[in-house]
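Residue-level structural notes
Given next are the chains, with one letter for each unit.
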Amino acid sequence: MSGWRLPSGGLVDRGRPLDFRFDGRRYTGLAGDTLASALTANGVRLLGRSFKYHRPRGLFAAGPDEPNALVELRAGARREPNTRASEVELFEGLEAASQNRFPSLAFDLMGVNSIVSPLLAAGFYYKTFKWPSAFWERVYEPLIRRAAGLGRLSGAPDPDAYETATVHADVLVVGGGPAGLAAALAAGRAGARVILAERDAHFGGRLLSERHVIGEGDGLAFARAAADELAAMPNVRLMPRTTVFGVYDGGSHGALEKVADHLPEPPPGLPRQRAWTIVARRSVVATGSVERPVVFSANDTPGVMLASAMRGLAVRHAVAAGRRVAVFTATDDGWAAAADMAAAGVPVSTVIDARPGRRPVPPELAAARVIAGGLVREAIGGRSLSTIEVVLPGGGVERIPCDALAVSGGHQPDIQLAGHLGHRPAWNDGLSAFVAGELPPGQRLAGAAAGRLSLAACLADGHAAGRDAAADCGFAAPSGEAPRAKDEPSAVSALFHVPGGRGKAFVDLQHDVTADDVALAAREGYVAAEHLKRYTTLGMATDQGRTSNLNGLAILAALTGRTIPEAGLPRGRPPTAPVAIAALAGAHRGRHFRPTRLPPTHEVAVERGASFIEAGAWLRAAYFPAEGEDWLAAATREAAAVRRAAGVTEMSTLGKVEVFGPDAAAFLQRLYANAIDRLKVGRCAYGLMLREDGFVMDDGTVARLGDRHFVVTCSTAHAADVFEHMEFCRQVLWPEMDLTLQSVTEAFAPLALAGPRARDILARVVDPGVDVSAEALPFLGCLEVTLLGGVPARIFRISFSGELAFEIAVPARRGADLMRAILARGADLGVAPYGLEALNILRIEKGHPAGAELDGRVTAHDLGLGAMAERAHDCIGRTLALRPALTDPGRPRLVGLSPLDGARIRSGAHLLPRDAAVVAGNDQGWVTSAAFSPELGRWIALGYLAGGHLRHGEVVRVADPLRGSDALATVGPPCFIDPKGERARG
């Protein structure tokens, strides 16, 4: 043995050395290594520090059950914390760093926590950080936040891409070990569409890390041949590096494919990870089992690891975990692991079997010392194992030198996927472990996941499960015979805890939960499995309790005089393995999370030098600045242009829904507080929509283009919600009504042309012969016309600004043409483009409520529209809108606010009695919108004030403590300009 690398064997490529770094130091591994095996081959034993006590920790397991060896992977923006070294495929140039230590892994100042551990027992945070209460924000919380977590995120945007995808299959096989391969072969040969998902890069499972004979060849040859046969089947899809992490309703499964995590960076065009939704008619879960450790004193010492992990290092990676190895087992599999290690060249010096009586000793272990009925009580060594203390069968204690200890306390079938839909497991005395009870629909467990631990049983069970799953899907073709293997011994004796020893006995290695912590929880009444978990954090680490839950429950059961099944088992929840949020989001990140929508006239706004603002999902022109103008100056000029001459603005972002059918009028009558059924063809009306609880949902307009044809508009902010509400009413509440709904928000480009010269400009745009006079198109009238030489258009005479105004809707592709035509043909009449800022000024001057006023907490009475809610016809929300609490005169009502002495007030400020102190108890309302009015030459605002409609003329205090503002304002009606509406009707 050269160093720690065995001279032969393994699945590594000795002709492909790979350089990598760990904590800044350069090492060399081989292709086929994991980061954990490569570090072990280089003699690195210390890989991490524990969460609470910062104790030195080494490699413990070989897969997702690894609790110790968590590292930061890569550097820069690609830095990824809390990655299991046992699952990281080694690649050239890999950079990794230990975490949860300062200043270094070898010398960690936070290791002092281990010295003061009596102060940090289970539940200490519940008891410690209560007094004095003033310390919480100043001392306790900052300290806790600094101590929380293990690794660090980069803080930089992730440069890699991610994808989401969906695939359907007849049979999903989860796990590519012997049972999974047998199941996939049987289902695939029967003709079913099969997906085989395996978290490893290679198929074979335990066959990659153990010596077995299947048929006439070894287990590895079988695995490779089975994978080749499956790859050649057109009806089978192999998905390596894919973890199925959740089972959901309807045969849906969540899976994460690590497409390029084994590379320094993803190749162009490939995502780093892909989140799959796999929908299968039947599933075979062949996820194997998790080896259980034994709890004893200082069992966290680097060099103590699971027998399966040490066996995998030797057989798969040709790495010895030590030069003097001891094995502590309560299972037949522990003996097999020792024999495999010895055959690979690992010097196994001692085998301690907790079970009394002599057992057949494999020839590979002929030179090893065997202690039957012995118990390892303590591991000694600090940063690396040097000695174990063994309780001998006769009662004496012996210290045995060793630098590595393989532990096998039993196997817990991996049944997490069987419990994701709420099904509870069952206890199996023969295995001393939990097995699946009732299964989700369409699911079957196979192999070790079903409690069948011998290889022969795994292969036979997997084949039967795949055959039956295909048959359930209607495929009755022959599926071949089950592969045959020797039925090796797989007995286990229940051993969970060896008491005694001088050090701490750890149950949960990552969270530093000890046997004493479990005992403390029992004394304090936390005797339910879920309570134990939360009080001690048992099983809440990144390994999800795979190596700790059962041991913790066994200790709890013994302390409380119950059996393990009586103690219970915490319910499993997805995901079974960490899933990056980026993978779940897929391409929906940055601008792709909510793609920016551009209105049809966007290019015209760009030509005119507009400054843009995001309005919901839309990018809209906020204002059109002239040289030297800021936003306020530009918006003031634009608003003044509308009042003085004319302005044109984009209104495409408003939601637009067309309603067709014989019952269209009756349908809208039930939705709106207005009397829509009395609306005549060619007329428009303001529409107020209530929620079922009587509060205002949205407002807008309703236009009747024909007897059975209506156009409804709604606010930009609520467009999607309103359409969803309308569809719910049509499909669920009143399915008998004969009508059709069609969202046409993107189909039309409405422009608002407003101002005293608006009609003159409109006359220059419409086609000859179209009459847009006041007689032909009165206030709240609508026409269907043509303009710009035959372009179909709808003209609605409605006003949001309070001026003479027309909303002109043309097909979206012609919106920019119409905007250019209006600006060109109305230039001599003073028309100007205006944006959202000016629009806001105009509507505040007129007192029109918008999104800030319609925040979901207001009623029709609050808006001064109580008469609509009191009309006789029935509509959604009518009854509850009339509740006394919603019609109380003392409720906040919409008012206008005119600051005294020209002071500026801002939205969000609070309204209080004039001489009242600025305290919450005196708060009587708030400011919703504020603007500088060019028409009035001063600042004005809208807001809600308790009993505001009864307090016109009163002076109130407008306090804004966050921005340091305090002013007085006179209360008045919301409408500041033209209260009789003469301009709009002119």
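Notes on the structure follow. (Residues numbered from 1 in each chain as written. Predicted model: local features only at pLDDT ≥ 70, side-chain atom pairs only at ≥ 80, totals over all residues. Heavy atoms only, no water.)

1. Some details on the packing of helix α17 (residues 664–671) against helix α18 (residues 719–733)
To be explicit about the condition: Structural elements are reduced to axes, namely lines fitted to C-alpha atoms, with helices fitted over the stretch in contact, and the angle between N-to-C directions of any two is expressed from 0 to 180 degrees. Numbering of helices and strands runs from the N terminus, with a helix taken as a DSSP run of H or I at least four residues long and a strand as a DSSP run of E at least two residues long. Whether a crossing is left-handed or right-handed is set by the direction in which the near helix is turned from the far one by less than a right angle, anticlockwise for left-handed and clockwise for right-handed. In this analysis, two residues are considered to be in contact whenever any of their non-hydrogen atoms come within 4.5 Å of each other. In this count, Pro and Cys sit with the nonpolar residues alongside Ala, Val, Leu, Ile, Met, Phe, Trp and Tyr, while Asp, Glu, Lys and Arg are called charged and the others, Gly among them, polar.
Orientation of α17 relative to α18, taken along the N-to-C sense of each, is 120°, at an axis distance of 11 Å. Handedness of the α17/α18 crossing: right-handed. The segment α17 lies against α18, with Phe667, Leu668 and Leu671 engaging His725, Met726, Cys729 and Arg730. For the contact of α17 with α18, a count of residues per class yields five nonpolar, one polar and one charged.

2. A closer look at unusual backbone geometry
Rules: Only protein chains enter the accessibility calculation, which uses a 1.4 Å probe; a residue is then buried when its area is under 20% of its type maximum, exposed when over 50%, and partly exposed in between.
The omega torsion of the bond from Phe102 to Pro103 falls at 0°, within 30 degrees of zero and hence cis. The topology assignment puts Pro103 in the loop between β7 (94–97) and α2 (112–115). The linkage connecting Pro574 with the following residue, Pro575, adopts the cis geometry, with an omega of 0°. Relative to the assigned elements, Pro575 resides in the loop between α13 (564–567) and α14 (581–585). The backbone of Gln544 shows a phi angle near 55°, a positive value even though the residue is not glycine. Inspection of the secondary structure assignment puts Gln544 in the loop between α11 (529–536) and α12 (549–560). A relative accessible area of 25% means that Gln544 is categorised as partly exposed.

3. Section: a nonpolar patch on the surface
Quick note on the threshold: In this analysis, a patch consists of residues with relative accessible area above 30% that form no salt bridge, clustered at 9 Å for like charges and at 5 Å for the nonpolar side chains Val, Leu, Ile, Met, Phe, Trp and Tyr. For accessible areas, the Shrake-Rupley method is used with a probe of radius 1.4 Å. Any residue's cover is judged against the shown protein chains and nothing else. By salt bridge we mean one thing: a side-chain nitrogen of Lys or Arg within 4 Å of a carboxyl oxygen of Asp or Glu.
Nonpolar side chains collect at one region of the surface, where Phe102, Phe107 and Leu109 lie side by side and expose about 340 Å² of accessible area between them. Here Phe107 shows up in the loop between β7 and α2.

4. Overview of the environment of Gly864
For Gly864, the position within the fold is in the loop between α21 (836–846) and α22 (866–869). Taking relative accessible area as the criterion, Gly864 reaches 60% and is therefore assigned exposed. Along the sequence, Gly864 and Pro974 sit 110 residues apart, while their C-alpha atoms lie 9.5 Å from each other.

5. A word on the side chain of Arg759
Under the convention used in this document: Working convention for charge: Lys and Arg count positive, Asp and Glu count negative, and His plus the chain ends are omitted. Think of a polar contact as two N or O atoms within 3.5 Å of one another; within protein, one of them needs to be a possible hydrogen donor and the other a possible acceptor, and neighboring residues in sequence only count if both atoms come from side chains.
Here Arg759 is to be found in helix α19 (residues 758–765). Here Arg759 occupies a buried position and makes no salt bridge, while the nearest side chain of opposite charge, Asp760, is found at 6.5 Å. Within the local environment of Arg759, its side chain forms a polar contact with the backbone oxygen of Gly986, the two atoms lying 3.4 Å apart. The contacts of Arg759, once residues within four sequence positions are left out, are Val772, Ser773, Ala774, Arg797, Leu804, Phe806 and Gly986.

6. Thoughts on the environment of Ser799
With respect to the helices and strands, the residue Ser799 is situated in the loop between β41 (791–796) and β42 (805–811). Linking Ser799 and Ala476, residues 323 residues apart in sequence, is a C-alpha distance of 71 Å. Each residue touching Ser799, except ones within four places of it in the same chain, is listed here: Ala805, His848 and Ala984. A distance of 2.9 Å separates a polar side-chain atom of Ser799 from the backbone nitrogen of Gly802. Engagement of the side chain of Ser799 in a polar contact is seen with the backbone oxygen of Glu803, the distance being 2.7 Å.

7. Focus on helix α8 (residues 332–344)
Using the following cut-off: To estimate the expected span of a helix, subtract one from its residue number and multiply by 1.5 Å.
Its 13 residues place the ends of α8 19 Å apart at the C-alpha level, agreeing with the 18 Å of an ideal helix rising 1.5 Å per residue. Residues of α8 that are buried include every one of Asp332, Asp333, Gly334, Trp335, Ala337, Ala338, Ala339, Asp340 and Met341, and no others. A side-chain oxygen of the first residue of α8 lies 3.4 Å from the backbone nitrogen of Asp333; this N-cap is Thr331. Just past α8, the residue Gly345 takes up positive phi, approximately 110°.

8. A closer look at the nonpolar core
Put simply, the rule is: To define a nonpolar core, start from buried Ala, Val, Leu, Ile, Met, Phe, Trp, Tyr and Cys residues and group those joined through side-chain atoms within 4.5 Å.
Phe22, Leu35 and Leu94 are the most contacted members of the largest nonpolar core, which has 55 residues in total. Beyond its immediate stretch of four places on either side in the chain, Leu35 contacts Phe20, Val71, Leu73, Ala85, Val88, Leu90, Leu94 and Ala96. If you look at the next biggest cluster of nonpolar residues, it comprises 36 residues, including Val167, Ala179, Val247 and Leu417.

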